[in-house]
Amino acid sequence: MHVEISMLQPFADDETEAEVVVIGAGIIGLSIALRLAQSGHQVVVVERDSVAAGASRGNAGAYAFSDIQPLASPGILKQAPRWLLDPLGPLALRPRYAPQIAPWLWRFWRACAPERVYASTRAQAALNKLSAAATHESLKSIDALDDLNEGGNLHLYLNQAAWQKSLFGWSVRTENGIQFEHLLGGDAIADVQSGLSPQFQFATFVPGWATINDPLQLTLRIAECCAKLGVRLRRAHVQALVSEVDGVRLKFENSQTLRAQRVVVAAGAWSHTLARTLGERIPLEAERGYNTTLPPGAGALNCQLTFPNHGFVMTPIAGGIRVGGAVELAGLQAPPNFKRAEVLLRHAKSFMPGLNTEGGTQWMGFRPSLPDSLPAIGFARGDDRVIYAFGHGHLGLTQSAATAQLVTQLVDGQAPALDLTPFNPQRFN
């Protein structure tokens, strides 16, 4: 039995009232619960599966503070048609899912307008800057700073043309105060990471990038700290939220109910289904990501490696190496296609010939994504006792501590640490 399942207990018959309920026991939900509890609130976390059941379990473990450019951009529009023709490429759309995702893709296309990309980039940069400070504070509070690896990130390009195409993105980072260093030649690259294929002669190193030893263990530790502060961790499937005069009522699958003074929806890729019960249609989609975690001894990484033209990363995780990434648009119900993970592993082997790819564990998870790559952080349209905190896409771990800070400020009636207008959940209406 997974240790995290034992953390979640069923509701007792007399548990009918709560001050603050956080729906979702992933990195976002638990970070919010921890911050609220540290601020003196009585918190209940409700999770239908287990702690870190979704993207928090198998993500790449990166604090990607320099990753400020949205997926929706003019550049992606140029590459997407070619990528979409390859079912195992960096960006894939299952044909059967195309009609269902069409409205989201239309909003994604609109978000690629230059002025919208500029605005989204500025907003993402502001949130990531807040995250950098909040992350160290959060990790320190749970005695987890030693699990942070601040070795940076190495972006690797197969040829000069690919590297030159990346330069605009790096100029945008310069405008937002992000430091990096271009590395030209195999020797300069090898000084950062040895064992790479000699075909890599162009790279960019980002020192302000960090990884966590194991995102699953981090999430479990946060859950344990929540429990020590009195947070009640409950296993239940919330089917609907109902606004009432004296609170917000949560209706569970087993017909039990719970009334809360405040509710935070942080249920990852399923969050929009709860918003719908309040009459809101928020265009949340699931970007399906795949990876393979290789055991200790597979190879030695000094830092996280990013291969932008192939859409995947290699990360030191729990003593081994996690190879994963790319995007598949196929919804929440379609079965996994682990051939995608196998393709990424073959790429990794060709790019780092000494990598031992035997004995790996495959995984697929859902990244909750909104069309403009920004999360939804703010009040529900018809009830300011409900706060949304979802849609972080590839940056859930990165932005978890900052999101917790912002949500706690909203609960406390304080002015948030940054302007939340770009993250308004109703911005797509």
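Parameters and conventions
Residues numbered from 1 in each chain as written. Predicted model: local features only at pLDDT ≥ 70, side-chain atom pairs only at ≥ 80, totals over all residues. Heavy atoms only, no water. Buried < 20%, exposed > 50% of the residue type's maximum accessible area, 1.4 Å probe, protein only. Helix = DSSP H or I, 4+ residues; strand = E, 2+ residues; numbered from the N terminus. Pairing = 2+ DSSP bridges. Expected span 1.5 Å × (residues − 1). Bend = angle between axes of the 7 residues up to and from the residue. Phe/Tyr/Trp six-rings, centres within 6.5 Å; stacked < 30°, edge-to-face > 60°.

**Details of the pairing of strand 16 (residues 312–317)**
Regular strands have side chains that alternate between both faces of the sheet.
Moving on, step 1. Counting buried positions along strand 16 gives five out of six residues, so the element sits mostly inside the fold.
Moving on, step 2. Taken together, strand 15 (residues 304–307) and the strand that follows it, strand 16, pair antiparallel across an intervening segment of four residues, in which Gly311 is found at a positive phi of about 70°.
Moving on, step 3. Pairing of strand 16 with strand 17 (residues 320–329) involves six bridges; the strand directions are antiparallel. Its bridge partner being in strand 17, Pro316 is matched across the sheet by Ile321.
Moving on, step 4. Hairpin connection between strand 16 and strand 17: a loop of two residues separates the two successive antiparallel strands, and Ala318 in this loop has a positive phi of roughly 50°.

**Examining helix 5 (residues 114–141)**
Each full turn of the α-helix corresponds to 3.6 residues, which orients residues three or four apart in the same direction.
Moving on, step 1. If you check helix 5, its first and last C-alpha atoms are 40 Å apart, about what 28 residues at 1.5 Å a residue would give, namely 40 Å.
Moving on, step 2. Most pronounced at Ala133, the bend in helix 5 amounts to some 25°.
Moving on, step 3. Positive backbone phi, approximately 55°, marks Asp143, located one or two places after helix 5.

**Some remarks on the sheet that holds strand 3 (residues 62–63)**
Moving on, step 1. The strand order 3-9-5 describes an open sheet built from three strands, whose pairing is antiparallel. Pairing within the sheet leaves two strands with one partner each, and these edge strands are strand 3 and strand 5 (148–149).
Moving on, step 2. Note: strand 5 against strand 9 (residues 210–212), two bridges, orientation antiparallel. Each residue of the ladder has a partner; that of Leu148, found in strand 9, is Ile212.

**Topic: the packing of aromatic side chains**
Moving on, step 1. Scanning the model with the defined rule gives 13 aromatic pairs in all.
Moving on, step 2. Ring geometry for Phe200 and Phe307: centres 5.8 Å apart, planes at 50°, overall tilted. Taken as a pair, Phe200 in the loop between helix 7 (186–192) and strand 8 (202–206) and Phe307 in strand 15 lie far apart in primary sequence, 107 residues in all. For the pair shown, Phe200 and Phe307 are each scored as buried.
Moving on, step 3. Measuring from ring centre to ring centre gives 4.7 Å for Phe307 and Phe312, while their planes differ by 20°; the resulting arrangement is stacked. Pair check on accessibility: Phe307 and Phe312 agree, each one buried.

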